[in-house]
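Chain residues, written in single-letter form:
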Amino acid sequence: MSTENLPQNPEQPPRKPRVAVVFGGRSSEHGISVVTAGAVLKAIDRTKYDVLPIGITQDGRWALTADEPERMAIVDRRPPSVDLLAESAEGAVILPVDPASREVVYSEPGSVPKALGEVDVVFPVLHGPYGEDGTLQGLLELSGVPYVGSGVLASAVGQDKEYMKRVFTSFGLKVGPYVVVRPRKWEQDQAAARKKIVDFAGEHGWPLFVKPSRAGSSIGITKVDDLSGLDEAIAEAQRHDPKILVEAALRGREIECGVLEFEDGPRASLPAEIPPPEAQAYYDFEAKYIDSTPGLVPAPLTPEETAEVQRLAVDAFEAASCEGLVRADFFLTEDGEFVINEINTMPGFTPISMYPQMWQASGVSYPELIDRLVQAALRRSTGLR
């Protein structure tokens, strides 16, 4: 579906496509999603699109929110929340359940439901479980509403770091050593599960990175230097996901590359390098969003290295059947090999996020980036494709 194919009334002027920006959500990345939404709302071309902001609270309620991006910022090191932006503490936005209709309804207790009009495309800027992991994408598929970004399968693969690595390996992409501890194994025999990690450390050495298998924004990750810190790291990861992933430390440079869907297929941006933060042990949540550790854009790579990481980023995009956009994260090891760490199917769009910065350096401005993503979604239909 394209902009030109939107339903029109010949007696009225052509209407603009309506974009619902959906943000917040139930994951631990709720606040960063709100910040991302604020940046998108500020930059989207209002002369080209009508915009409907919809926030999902941390308890899962879909709320009609104020279209005030200036309130969606980190203040005093504290991320914002949908609850502070919602127009009502009880009102709920209801998506259509009939694929033949894209009418969105707003309902409050004791009041007649109010039609908010049709939505032509959803821009889901949610991060983490219950939004970026295929769950919201499945809901939108059932509703027949086009949306920005990857579909159900690619979103689920991109969220679960274990299966992401399995897919990459099957397509010949190099990944680092890792081990997975599933919740059932942990519940059945914690000693055996812990020994599995200790044996892994014996093979690959310390430090290890213990992380939730299905989370992002570096939330819940601990760098473990020796056995004494292992139990605390496991507990921290399990606060966010009962399945945990343990990775061996890779020595090398952190390189990121953006992929964007153009009319003729996916293209890669100029890459960026994430230098080691001064105040943190690694590029964690604080370094990313609070202390704003600056990245190097473009990364100081040779032309050959730049071409190689761009090729690998597009290969990762294709391997996971992604659509719209991806940020691919790599390590450039000391022996000159690129090892893929992960992809992010809905990377951050905050003013300091690397994805828009890489495309800015590649000649695609922030407003144009948003426009290309919306147009790519409008060109696609829902369902099998």
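In this text the structure is predicted, and so the values were computed from the model without any measurement. (Residues numbered from 1 in each chain as written. Predicted model: local features only at pLDDT ≥ 70, side-chain atom pairs only at ≥ 80, totals over all residues. Heavy atoms only, no water.)

### A word on the packing of helix α1 (residues 30–43) against helix α11 (residues 366–379)
Remark: α1 packs on α11, axes separated minimally by 9 Å, with the N-to-C direction vectors making an angle of 95°. The pairing of α1 with α11 is recorded here as roughly perpendicular in orientation. In this structure, α1 uses A39, V40 and A43 to contact α11, whose residues at the interface are Y366, P367 and I370. (Axes fitted to C-alpha atoms, helices over the stretch in contact; angles between N-to-C directions. Helix = DSSP H or I, 4+ residues; strand = E, 2+ residues; numbered from the N terminus. Parallel < 35°, antiparallel > 145°, perpendicular 65-115°, else oblique. Contact = heavy atoms within 4.5 Å.)

### Re the sheet that holds strand β6 (residues 114–118)
Strands belonging to one sheet form pairs held by backbone hydrogen bonds; the direction of such a pair is parallel or antiparallel. Taken in spatial order, the three strands line up as β4-β5-β6 in an open sheet, and their pairing is antiparallel. Strand pairing shows two members of the sheet lacking a second neighbour, β4 (92–94) and β6, which therefore form its edges. Within the sheet, the average angular offset between the axes of one strand and its neighbour, ignoring direction, is 25°. As judged from the three bridges shared by β4 and strand β5 (residues 103–107), these two strands associate in the antiparallel manner. When the bridges of β5 are listed, A92 appears paired with S107. (Pairing = 2+ DSSP bridges.)

### Some points on the pairing of strand β1 (residues 18–24)
Counting buried residues in β1 gives seven out of seven residues, a clear majority hidden from the surface. Taken together, the seven bridges between β1 and strand β2 (residues 50–56) define a ladder with parallel strand orientation. Counterpart to F23 in the pairing with β2 is G55. Read as a crossover between parallel neighbours, the route from β1 over α1 to β2 is right-handed. (Buried < 20%, exposed > 50% of the residue type's maximum accessible area, 1.4 Å probe, protein only. Right-handed = clockwise from strand over helix to strand, strands pointing away.)

### Overview of helix α10 (residues 354–361)
M354, Y355, P356, M358 and W359 are the residues of α10 that are buried. Buried residues belonging to α10 abut β12 (252–262), β13 (265–268), β14 (272–274), β15 (325–333) and α11. Where α10 terminates, the next one or two residues include G363, which has phi positive at roughly 95°.

### Here's the deal with the pairing of strand β16 (residues 338–344)
Within a regular strand, side chains alternate between the sheet's two faces. Most of β16 sits inside the fold, with seven of its seven residues counted as buried. Across six bridges, β15 lies against β16 in antiparallel orientation. What sits directly across from F330, in β16, is I340. Linking β15 back to β16 in an antiparallel pair, the connection comprises four residues, with G336 at a positive phi of about 85°.

### Examining the packing of aromatic side chains
Here the structure, examined in full by the defined rule, presents five aromatic pairs. Judged by centre distance (5.9 Å) and plane angle (50°), the ring pair of F262 and W359 falls under tilted. Taken together, the residues span a long stretch of sequence, with F262 in strand β12 and W359 in helix α10 at a distance of 97 residues. There is no split in this pair, since F262 and W359 are both buried. Relative to Y355, the ring of F349 has its centre 5.8 Å away and its plane inclined at 55°; by these criteria the two rings are tilted. Judged by its relative accessible area of 0%, F349 is buried. One aromatic cluster is present, formed by F123, F349, Y355 and Y366 through successive ring pairs. It is R26 that lies over the ring of Y130; its NZ or CZ is 4.0 Å from the centre. Above the ring of F262, the side-chain terminus of R267 is found at 4.0 Å from the ring centroid. (Phe/Tyr/Trp six-rings, centres within 6.5 Å; stacked < 30°, edge-to-face > 60°. Lys NZ or Arg CZ within 6 Å of the ring centre and 35° of its normal.)

### Overview of unusual backbone geometry
In this structure, the amide linkage connecting W206 to the following residue, P207, adopts the cis form with an omega of 0°. Looking at where P207 falls in the secondary structure, it is placed in the loop between α6 (190–204) and β9 (208–212). The linkage connecting V297 with the following residue, P298, adopts the cis geometry, with an omega of -5°. Within the fold, P298 resides in the loop between α8 (285–290) and α9 (303–319). Of note, Y130 is a non-glycine position whose phi angle comes to about 65°, a positive value. One can find Y130 in the loop between β7 (121–124) and α2 (135–143). The class for Y130 is partly exposed, based on a relative accessible area of 44%. Unusually for a residue other than glycine, S321 sits at a positive phi of about 60°.

### Observations concerning the pattern of salt bridges
Scanning the model with the defined rule gives 29 salt bridges in all. For the salt bridge of R182 with E162, the shortest nitrogen-to-oxygen distance reads 2.5 Å. Here E162 lies in helix α4 (residues 161–170) and R182 lies in the loop between β8 (178–181) and α5 (183–188), a separation of 20 residues in the sequence. The class for E162 is buried, based on a relative accessible area of 0%. Here R214 ties to D241 by a salt bridge, and the two come within 2.6 Å at their closest N and O atoms. (Salt bridge = Lys/Arg side-chain N within 4 Å of Asp/Glu carboxyl O.)

### With respect to the confidence of the model for the chain
Confidence along the chain averages 91 in pLDDT terms, with 92% of residues attaining 70 or more. Below pLDDT 50 for its whole length, residues 1–5 participates in 12 contacts with residues either more than four positions away or in separate chains. (pLDDT = per-residue confidence, 0-100.)

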